[in-house]
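A look at the structure
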Amino acid sequence: MAKPDQNQVLRRLPIVVGALAGTLLLVNRLLTPNLTDAQARSDALGVILSALLILTGLLWQRIQPRSPDAVKLVGEEGLELASSLPESVRLELAWASQILLTNTVTRSLVVLYQGRVLLRRGILATNAEVTPGPILQRVLEKQKPVYLVDVKAYPGRIEFDYLPENTQGIICQPIGNQGALILAANAPRSYTKQDENWVEAIADKLDNTLAHHLSVTI
């Protein structure tokens with residue numbers, strides 16, 4: 001279920017206050033049999049202020065960005081590492097995945113290297129096998145990242161059946177020319193440019209580590 005927008009009340013507050021003030025002014029005007037010039041001027045000023053509050057609220061509705069609707073990803077939380085990896089590589093993968101899960105909007109991630117799944121962490125899908133589809137294959141071939149900002153809008157999302165089924169955003173970041181880091185978020189349009197820079201830097205770090213262990217049987 002999507003979480004409610006936490007700023008919704010603040011964005012609507014000027015509209016509510018303006019409408020309430022205008023209503024009270026109208027009631028006061030109707031219940032006052034004899035108005036003085038000073039009261040008339042005060043009412044006119046009150047109407048203007050109420051209108052400005054309502055206008056401000058309407059502008060906030062359009063200008064202030066809404067927080068992306070987040071969902072609870074389907075699956076069980078866990079950590080899976082390829083058992084044949086040397087301890088140094090396992091520690092590096094554990095560190096990198098922890099950094100991404102705690103410092104970005106990532107809720108699930110997969111590390112694919114030399115055609116094998118080295119790590120799955122976060123909310124895990126039932127399917128543990130990664131078969132590169134057209135999107136991931138393009139990332140592997142061109143070594144350029146792909147960011148699916150809103151997964152629902154991409155028909156090709158069906159290839160990511162190894163991620164939670166209700167994943168909202170996906171980043172496929174190449175790890176050198178031999179693998180990819182696949183990240184899943186629980187809200188659309190939630191990765192910032194800073195997040196993307198973090199992902200790229202960590203993928204480069206993983207590439208340096210994994211490249212030194214090519215002789216290891218994975």
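Because the structure is a prediction, the values reported are computed rather than measured.

1. Focus: the confidence of the model for the protein chain
Confidence along the protein chain averages 84 in pLDDT terms, with 86% of residues attaining 70 or more. Here helix H2 (residues 37-63) is the element of the protein chain with the lowest mean pLDDT, 71, and strand S6 (residues 179-185) is the one with the highest, 97.

2. Overview of the nonpolar core
One recurring pattern in soluble globular proteins: nonpolar side chains tend to sit buried together. Among the nonpolar cores identified, the biggest contains 24 residues, and Leu93, Leu109, Val111, Ile175, Leu181 and Leu183 are the most heavily contacted of them. Residue assignment for this core shows that the elements contributing at least two residues are helix H3 (87-103), strand S2 (106-113), strand S3 (116-124), strand S5 (169-175), S6 and helix H5 (193-211). Here this core gets 6 residues from one element, more than from any other, and that element is H3. Those residues in contact with leucine 109, other than ones at most four positions away along the chain, are Ser97, Leu100, Leu101, Leu119, Arg120, Arg121, Leu181, Ile182 and Leu183.

3. Some points on the packing of aromatic side chains
Note on aromatic pairs: each is described by the distance of the centres and the angle between the planes. All chains considered together, the criterion is met by 2 aromatic pairs. Relative to tyrosine 191, the ring of tyrosine 147 lies with its centre 5.5 Å away and its plane at 85°, an arrangement referred to as edge-to-face. Residue tyrosine 147 is located in strand S4 (residues 146-148), and its partner tyrosine 191 is located in the loop between S6 and H5; the two are separated by 44 residues in the primary sequence. Its relative accessible area of 6% is what places tyrosine 191 among the buried residues.

4. Details of the pairing of S5
Remark: a regular strand shows side chains that alternate across the two faces of the sheet. Of all the 7 residues making up S5, 7 are buried; the element is thus mostly covered by neighbouring parts of the structure. Covered by surrounding structure in S5 are Gly169, Ile171, Gln173 and Ile175 together with Ile170, Cys172 and Pro174, the residues of both alternating faces. Bridge analysis of S5 against S6 gives 7 bridges, and the strand direction is antiparallel. For cysteine 172, the partnering residue across the bridge sits in S6 and is isoleucine 182. Here S5 folds back onto S6 in antiparallel fashion, the turn holding 3 residues, of which glycine 176 has a positive phi close to 60°.

5. A look at H3
The end-to-end C-alpha distance of H3 is 24 Å, a good match for the 24 Å that 17 residues give at a rise of 1.5 Å each. Here H3 has its buried residues at Val89, Glu92, Leu93, Ala96, Ser97, Ile99, Leu100 and Leu101. Buried positions along H3 lie against strand S1 (76-81), S2, S3, S6 and H5.

6. What to know about the packing of H3 against H5
With their axes 10 Å apart at the nearest point, H3 and H5 run at an angle of 175° to one another. By the criterion of interaxial angle, the relationship of H3 to H5 is roughly antiparallel. Between H3 and H5, the contacting residues are Val89, Glu92, Leu93, Trp95, Ala96, Ile99, Leu100 and Asn103 on the first element and Asp195, Trp198, Val199, Ile202, Lys205, Leu206, Thr209 and Leu210 on the second. Of the residues assigned to the contact of H3 with H5, the class counts are 11 nonpolar, 2 polar and 3 charged.

7. Section: the pattern of salt bridges
Counting across every chain of the model gives 5 salt bridges. A salt bridge links lysine 205 to glutamate 92, with the nearest nitrogen and oxygen atoms 2.7 Å apart. Separated by 113 residues along the polypeptide, lysine 205 in helix H5 and glutamate 92 in helix H3 bring together distant segments of the chain. Judged by relative accessible area, glutamate 92 falls into the buried class, the value being 13%.

Thresholds applied
- Residues numbered from 1 in each chain as written.
- Predicted model: local features only at pLDDT ≥ 70, side-chain atom pairs only at ≥ 80, totals over all residues.
- Heavy atoms only, no water.
- pLDDT = per-residue confidence, 0-100.
- Helix = DSSP H or I, 4+ residues; strand = E, 2+ residues; numbered from the N terminus.
- Core = buried A, V, L, I, M, F, W, Y, C linked by side-chain atoms within 4.5 Å.
- Buried < 20%, exposed > 50% of the residue type's maximum accessible area, 1.4 Å probe, protein only.
- Contact = heavy atoms within 4.5 Å.
- Phe/Tyr/Trp six-rings, centres within 6.5 Å; stacked < 30°, edge-to-face > 60°.
- Pairing = 2+ DSSP bridges.
- Expected span 1.5 Å × (residues − 1).
- Axes fitted to C-alpha atoms, helices over the stretch in contact; angles between N-to-C directions.
- Parallel < 35°, antiparallel > 145°, perpendicular 65-115°, else oblique.
- Nonpolar A, V, L, I, M, F, W, Y, C, P; charged D, E, K, R; others polar.
- Salt bridge = Lys/Arg side-chain N within 4 Å of Asp/Glu carboxyl O.

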